[in-house]
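So you can see what is in the structure, the chains are spelled out below.
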Amino acid sequence: MVGTLVAVGGEVVDKVQVKTALVSVYDKTGLKELGEFLAAQKVHVLSTGGTAAKLREYGCTVQDVADYTGSPEILDGRVKTLHPKVHGGLLAARGVEKHEKEMVEHGIMPIDLVIVNLYPFREAVAKGGDFAHCIENIDIGGPCMIRASAKNNASVTICSSPSQYGKMMEQVRENGGSTTWAFRKNMAAAAYALTAAYDSSVSQWMATQVTEPPSTKTVAFEVERPLKYGCNPHQLPAGLCAVNGGRLPFEVLAGVPGYINLLDAVNAWQLVYELAKGTGKPAAASFKHVSPAGAAISVPLSETEIEVYEVKGKPLSEVATAYVRARNADPMCSFGDFVAISHKVDVATANILKIEVSDGIIAPGFEPEALEILKAKKGGKFIVLQADNDFEFPEMEYRMVGGLGFMQKRNDKICDASLLAKVVTAKKELSEQAKLDMVLGMIAIKYTQSNSVGYSKDGMMIGIGAGQQSRVDCVKLAGRKVATWRLRFHPKVMALKFREGVKRQDRVNARVRYIEGDMDEAELQQWVKNFDSAPEPLTEKEKSEFLSTLDDVTIASDAFFPFRDSIDHAKKLGVKFVAQPGGSVADEEVIKACDAYGMTMAFSDLRLFHH
């Protein structure tokens, strides 16, 4: 075992008067107010270069660091404060006789307050600087002073960001020109977090510049927004974090998003962003618990669809149409959804959302009137996030589970029609609509918890089966949703006469239970109250006959079909087109099943597991 250092000791005084400050800042934000404060407090200031000049303008008594140390600034500014007289003043343990004696011998002045911020390394990288430029923007003296000051928090206060100036000045005023130890420790903790994040940025960038990247990976999370709780109310604390000093991929315009809202939002946004890119059409998704209940592109609605989806008489823009389709894949599951839209949200879309029970929306922009409509929803609690269309998703993803760290390259493979070139069935023809539905299906399941299978038709997902251990169970689960979707168009379902005053979502739920038809007497008695008179049952024969007319459906799978049973079941739901990775030992068996049913199947050679 490696030995550790013994504490130097020394007296810890709660309140330390600020007599001398060392100020060396790259970012001059707030410097005028700070300088005037230091001048008013009669603090002796050590400083360098442009900072020293500015502080003199603001009335401070300033001594240049070079005059204090007797060593000039050298090497194009690479060495300014790296000197024993500086770091001795920061690190000396006050009250320790040996330290006090050495300070006197070497002319070292105790420094009580350090105000430092760092060279803009991240900005240099973000602007595309070359290797030499980025290297020059790695701060050396700043982190050294910050770490030294933070280590000696028993005596020294470290301010490492302009955002801290206000509370530092308030602390000094409230304590008669001094700072308390509790305050100094808090500032030290913030300082170490800053230098850790700064070094993490340098480390990550440097790893991209070498032939042998280090095995240690560093990721810095900065809490941007505390959250009410995590997945569950007892999971506290919780927060939304920016990664490695980067910006968030969205701005909160209204509402207070929660942990699961944000998981839905970021996954849904990636889906619609990619779907719009892959199809060239406005796209929408309806998310619940980090999987889509529905997803769609903008394909005009028929008169029958307008009636079934209850949007008769409502203006339907392309964007609004995409959301109506996404919401109506499974409107029961979409209750309380989080919505993602690939294009600017217009008034027509906002008015559709106004009548639906939904938690929030993420989109790249909002027409002013549309934004006001959405802000008023749920008494102002509806969450509105404006996505950053120019945000670049990080190449690498990191997560922690059960005390383990995991890393992987982001699944940035683009799903488009090029993945459909490998048609393996006897029937080769793919219409443009079939290609759109296959691309839609692949992208939707790419962002669905695995195992996953999805059915699509006419630009919308009509059934998604998520998170099942057996692939055929995914097929059957999604297939049940397809059957429910299709049977909403049955004449007897469309003819249901609801009692006046029955709410929109109650009508949705009542239709689903009518289609399912497995109510016991107690439930049936409650269900009948939705109507002026009890509807005639929808028989199994009627359902079967109506479902037999369903055709030209696509099924997409996130991994290969291991047996033909999935194809056999999909045939019952009008499937004519299949998109899957292939690669199973049973591929030939599955191909033969598709050939027997006259299906066209493409192997994408791309697995799309999502966990």
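In the block above lies the structure referred to throughout.
Description of the structure in this document.

Reading the values: rules and limits
- Residues numbered from 1 in each chain as written.
- Predicted model: local features only at pLDDT ≥ 70, side-chain atom pairs only at ≥ 80, totals over all residues.
- Heavy atoms only, no water.
- Helix = DSSP H or I, 4+ residues; strand = E, 2+ residues; numbered from the N terminus.
- Rg over C-alpha atoms; globule rule 2.2 N^0.38 Å.
- Buried < 20%, exposed > 50% of the residue type's maximum accessible area, 1.4 Å probe, protein only.
- Contact = heavy atoms within 4.5 Å.
- Areas by Shrake-Rupley, 256 points an atom, 1.4 Å probe, with all protein chains shown as cover.
- Axes fitted to C-alpha atoms, helices over the stretch in contact; angles between N-to-C directions.
- Parallel < 35°, antiparallel > 145°, perpendicular 65-115°, else oblique.
- Nonpolar A, V, L, I, M, F, W, Y, C, P; charged D, E, K, R; others polar.
- Salt bridge = Lys/Arg side-chain N within 4 Å of Asp/Glu carboxyl O.
- Pairing = 2+ DSSP bridges.
- Arc of directions from axis to C-beta.
- Phe/Tyr/Trp six-rings, centres within 6.5 Å; stacked < 30°, edge-to-face > 60°.
- Lys NZ or Arg CZ within 6 Å of the ring centre and 35° of its normal.
- Patch = residues over 30% accessible without salt bridge, like charges linked within 9 Å, V, L, I, M, F, W, Y side chains within 5 Å.
- 1 Å grid on protein atoms, 1.4 Å probe; cavity = no way out; pocket = protein on both sides within 12 Å on 5 of 7 lines; lining within 4 Å.
- Points joined across faces, edges and corners; volume = space filled by probe spheres on them.

1. Looking at the overall build of the protein
And step 1. The helix and strand inventory of the protein stands at 23 helices and 22 strands.
And step 2. For the protein, the C-alpha radius of gyration of 32 Å lies well beyond 25 Å, the compact-globule estimate for 611 residues.
And step 3. By its C-alpha atoms, the protein is 100 × 55 × 45 Å across when sized along the principal axes.
And step 4. A buried classification covers 50% of the 611 residues belonging to the protein.
And step 5. The long-range share in the protein, meaning contacts at least 24 apart out of those at least 6 apart in sequence, stands at 61%.
And step 6. With an accessible surface of roughly 29500 Å², the protein has 53% of that area assigned to carbon and sulfur atoms.

2. Brief notes about the packing of helix H14 (residues 347-354) against helix H15 (residues 368-376)
And step 1. Running from N to C, H14 and H15 cross one another at 10°; their axes reach a closest spacing of 8 Å. Between H14 and H15, the angle is such that the two are roughly parallel. For the pair formed by H14 and H15, the contact residues are Val347, Ala350, Asn351, Leu353 and Lys354 on the first element and Glu369, Ala370, Ile373 and Leu374 on the second.
And step 2. Class assignment of the residues belonging to the contact of H14 with H15 gives a composition of six nonpolar, one polar and two charged.

3. Points about the pattern of salt bridges
And step 1. One pass over the structure, following the stated rule, counts 28 salt bridges.
And step 2. We note a salt bridge from Glu356 to Arg504, for which the minimum N-O separation is 3.0 Å. You can see Glu356 sitting in the loop between H14 and strand E14 (358-363) and its partner Arg504 sitting in helix H19 (residues 504-516), a full 148 residues away along the chain. With respect to burial, Glu356 and Arg504 carry one shared label: buried.
And step 3. With its nearest N and O atoms 3.2 Å apart, the salt bridge here joins Lys492 to Glu542. Residue Lys492 is found in helix H18 (residues 491-494), and its partner Glu542 is found in helix H21 (residues 540-547); the two are separated by 50 residues along the sequence.
And step 4. You can call Lys492 partly exposed: its relative accessible area is 22%.
And step 5. Residue classification places Glu542 among the partly exposed positions, given a relative accessible area of 24%.

4. Some remarks on the pairing of strand E5 (residues 113-116)
And step 1. Residues Leu113 and Ile115 line one face of E5 and the alternating positions Val114 and Val116 line the opposite face, and both faces are buried.
And step 2. In the sheet, strand E2 (residues 20-24) pairs with E5 via four bridges, with the strands oriented parallel. If you follow Ala21 over to E5, its bridge partner there is Leu113.
And step 3. By the bridge criterion, three bridges tie E5 to strand E6 (residues 157-159) in an arrangement that is parallel. Its bridge partner being in E6, Val114 is matched across the sheet by Ile158.

5. Section: H15
Because each turn of an α-helix spans 3.6 residues, side chains separated by three or four positions in sequence point in the same direction.
And step 1. Among the residues of H15, those classed as buried are Ala370, Leu371, Ile373 and Leu374. Along the axis of H15, the buried residues cluster in a sector spanning 160°; they form a single face. Pointing more than 90 degrees away from the buried face of H15 are the exposed residues Pro368, Glu369 and Ala376.
And step 2. In this structure, the buried side of H15 is in contact with strand E10 (250-254), H14, E14 and strand E15 (383-387).

6. Some points on the packing of aromatic side chains
And step 1. Under the defined criterion, the tally for this structure stands at eleven aromatic pairs.
And step 2. Aromatic side chains Tyr309 and Phe489 sit 5.9 Å apart centroid to centroid with 80° between the ring planes, which places their arrangement in the edge-to-face category. One end of the pair, Tyr309, is in the loop between helix H12 (303-308) and helix H13 (318-327); the other, Phe489, is in the loop between helix H17 (471-487) and H18, and 180 residues separate them in sequence. No difference in accessibility class separates Tyr309 from Phe489, as the two residues are buried.
And step 3. Taken together, the ring pairs connect Phe121, Phe131, Tyr198 and Trp205 into an aromatic cluster.
And step 4. For the cation-ring pair, Lys185 lies above Trp181, with the distance from its terminal atom to the ring centre recorded as 4.2 Å.
And step 5. The cationic tip of Lys377 hangs over the ring face of Phe382; the distance from NZ or CZ to the ring centre is 5.6 Å.

7. A look at a nonpolar patch on the surface
And step 1. Together, Val219, Phe221, Val243, Tyr398 and Met407 make up an exposed nonpolar region whose accessible area comes to about 440 Å².
And step 2. Positionally, Val243 belongs in strand E9 (residues 239-243).

8. Regarding empty space enclosed by the protein
And step 1. Counted by the stated rule, this structure contains one cavity of 30 Å³ or more.
And step 2. Roughly 140 Å³ of internal volume is contained in the largest cavity.
And step 3. Lining the largest cavity are 13 residues, and of these Asn328, Pro331, Arg488, Val508 and Arg511 lie nearest its centre.
And step 4. When the residues that make up the lining of the largest cavity are grouped by side-chain class, the tally is five nonpolar, two polar and six charged.

9. Here's the deal with the environment of Lys481
And step 1. Structurally, the position occupied by Lys481 is in helix H17.
And step 2. On the basis of relative accessibility, which here comes to 17%, the residue Lys481 falls in the buried class.
And step 3. When the C-alpha positions of Lys481 and Tyr447 are compared, they lie 18 Å apart, and in sequence the two are 34 residues distant.
And step 4. Not counting chain neighbours up to four residues away, the residues in contact with Lys481 comprise Asp330, Cys333, Ile462, Gly463 and Ile464.

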